[in-house]
Amino acid sequence: MGFKFVFLINPISGGGQGKVIFNFLPEIMASMGFAAEEWKAEFTHYEGMEAQILDALSHTETLIAVGGDGTVSAVLSTMLASDFATRVKIGLIPLGTGNDLARVLKLYKPFVDQGLLFLVRRLLRASATPFDIWKVNGKYALANYFSGGIDARIAHDFNQDRASGAISSSSVVANKLHYVRRFFADRNYRLTQGSLRYVDKYGKSHSLDLKGHRTLIVGNIPSFASGANPFFRANMADGFLEVVDVPNMPTFLLAIAIGNIPLLGYIFKCHFLKSIKVHSLEMTVRPDEFLQLDGEDMSGRLGEKISIEFAAQVQMLRLED
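Below is a summary of the structure that appears in this document. Remember, it's a predicted structure, so these values are computed and weren't measured experimentally. (Residues numbered from 1 in each chain as written. Predicted model: local features only at pLDDT ≥ 70, side-chain atom pairs only at ≥ 80, totals over all residues. Heavy atoms only, no water.)

A few words on helix 2 (residues 49–57). Owing to its 3.6 residues per turn, the α-helix brings residues three or four apart onto one side. Of the positions making up helix 2, those classed as buried are Met49, Gln52, Ile53, Ala56 and Leu57. Down the axis of helix 2, the sector holding all buried residues measures 135 degrees, keeping them to one side. Contacts from the buried residues of helix 2 go to strand 1 (3–9), strand 2 (39–43), strand 3 (60–67), helix 3 (69–80) and strand 4 (89–94). (Buried < 20%, exposed > 50% of the residue type's maximum accessible area, 1.4 Å probe, protein only. Helix = DSSP H or I, 4+ residues; strand = E, 2+ residues; numbered from the N terminus. Arc of directions from axis to C-beta. Contact = heavy atoms within 4.5 Å.)

Bridge count for strand 1 against strand 2 is five bridges, and the pairing is parallel. Counted as the bridge partner of leucine 8 is glutamate 42 from strand 2. Between strand 1 and its parallel partner strand 2, the chain crosses via helix 1 (residues 13–31), and the hand of that crossover is right-handed. (Pairing = 2+ DSSP bridges. Right-handed = clockwise from strand over helix to strand, strands pointing away.)

For the pair helix 1 and helix 6 (residues 116–123), interaxial distance at closest approach is 11 Å and the crossing angle is 55 degrees. As far as their axial angle goes, helix 6 and helix 1 are oblique. Crossing angle aside, the handedness with which helix 1 passes helix 6 is right-handed. Between helix 1, through Ile21, Phe24, Ile28 and Ser31, and helix 6, the contact on the second element is made entirely by Leu116, Leu117, Val120 and Arg121. Among the residues making up the contact of helix 1 with helix 6, the classes are represented as six nonpolar, one polar and one charged. (Axes fitted to C-alpha atoms, helices over the stretch in contact; angles between N-to-C directions. Parallel < 35°, antiparallel > 145°, perpendicular 65-115°, else oblique. Left-handed = near helix turned anticlockwise from the far one by under 90°. Nonpolar A, V, L, I, M, F, W, Y, C, P; charged D, E, K, R; others polar.)

Take the packing of helix 2 against helix 3 next. In the contact formed by helix 2 and helix 3, the axes pass within 10 Å of each other and the chain directions differ by 75 degrees. With respect to their mutual orientation, helix 2 and helix 3 come out roughly perpendicular. For the pair helix 2 and helix 3, the contacting residues are Met49, Glu50, Ile53, Leu54 and Leu57 in the first and Ala74, Val75, Thr78 and Met79 in the second. Classifying every residue of the contact of helix 2 with helix 3 by side-chain character gives seven nonpolar, one polar and one charged.

Next up on the list: the nonpolar core. In this structure, Phe7, Leu63, Ile64, Leu76, Ile93, Leu124 and Phe131 are the most contacted members of the largest nonpolar core, which totals 57 residues. With six residues, the single largest contributor to this core is strand 1. Discounting chain neighbours no more than four positions away, the residues touching isoleucine 64 are Phe5, Val6, Phe7, Leu8, Gly91, Leu92, Ile93, Leu123, Leu124 and Leu317. Core analysis: the next-biggest nonpolar cluster, separate from the first, contains 25 residues, Leu191, Leu208, Met283 and Val285 among them. (Core = buried A, V, L, I, M, F, W, Y, C linked by side-chain atoms within 4.5 Å.)

Looking now at the packing of aromatic side chains. Evaluated as defined, the whole model comprises six aromatic pairs. Aromatic pair phenylalanine 7 and tryptophan 39: ring centres 6.1 Å apart, planes at 90 degrees, arrangement edge-to-face. Placement of phenylalanine 7 in strand 1 and of tryptophan 39 in strand 2 is noted, with a sequence separation of 32 residues between them. When sorted by exposure, phenylalanine 7 lands in the same class as tryptophan 39, which is buried. The ring of tyrosine 108 is capped by arginine 103, whose NZ or CZ atom sits 4.3 Å from the centre of that ring. (Phe/Tyr/Trp six-rings, centres within 6.5 Å; stacked < 30°, edge-to-face > 60°. Lys NZ or Arg CZ within 6 Å of the ring centre and 35° of its normal.)

A few words on the environment of serine 58. Of note, serine 58 is situated in the loop between helix 2 and strand 3. With 56 residues separating them in the primary sequence, serine 58 and glycine 2 have C-alpha atoms 8.0 Å apart. For serine 58, the side chain forms a polar contact with the side chain of histidine 59, separated by 3.0 Å. (Polar contact = N/O pair within 3.5 Å; in protein donor to acceptor, adjacent residues only side chain to side chain.)

Here we come to helix 6. Of all the positions in helix 6, only Leu116, Leu119, Val120 and Leu123 are classed as buried. Along the axis of helix 6, the buried positions cluster into a sector of 95 degrees, meaning they face one direction only. Buried positions along helix 6 lie against helix 1, strand 3, strand 4, helix 5 (108–114) and strand 15 (305–318).

In structure tokens, the structure reads:
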């Protein structure tokens, strides 16, 4: 039996908001005229999650991921290893800390300002838009961004603090405040070694020494670290990634501070940030370097060489402005 919609809900995202959404969905779906047999909702399971996602993809027209960017990344990684990339549309109800993908798809603000009912009603009637997916080391899906350096170190230490119980609150505000504290603790971090090889949008190969640099940010969407936008013209459907080299602390602060400021942000970027459109890239780092992929800590999991190349284009639900 097939469903029009399947909701995969991360029960712990957003301080447990996933459980609240699970309980409200029957009322919401009934109010929109959907019969019980037209949709399905279930909590994600850490063990066997890939099989769970595959089962959902094989039984629906549209899969709605309810959680943070990591939940969507898990769905997309599974899609790349299957034949569902061009067959199933993907939607998102954002419950994470950063929610960068939801911001780009115009889902985050309606959810925060108008609430769950408003977002679900609009999302289920939204049109789909093409969205590039990239493959990291031939295995992991990149939807939002990848980085190695100080920001990945901060994310790593934040996750360690949360796992150890050092973060006592589960609220988004408390998480962001702890991120600030981690920044001051890790502010001296640099790439002790590293290099980048990439093919630019004209097909030419280049290399860049990263030793001593603060971080390297690779973006597919125009949002990074909870709404910052260090990219010049990141486009989620143009077949290119945008690479931003961050050599020093002033540049790093600029990169994470710039939001969507049309003129002022563009002027600052032109003078202080080096950004490159690329077809593909290979980054060489220490095997234990701090890395993050779509907000997930990947430190020590990717080896010394990280390759990123185009994988597929999927259909994502997006609200209009």
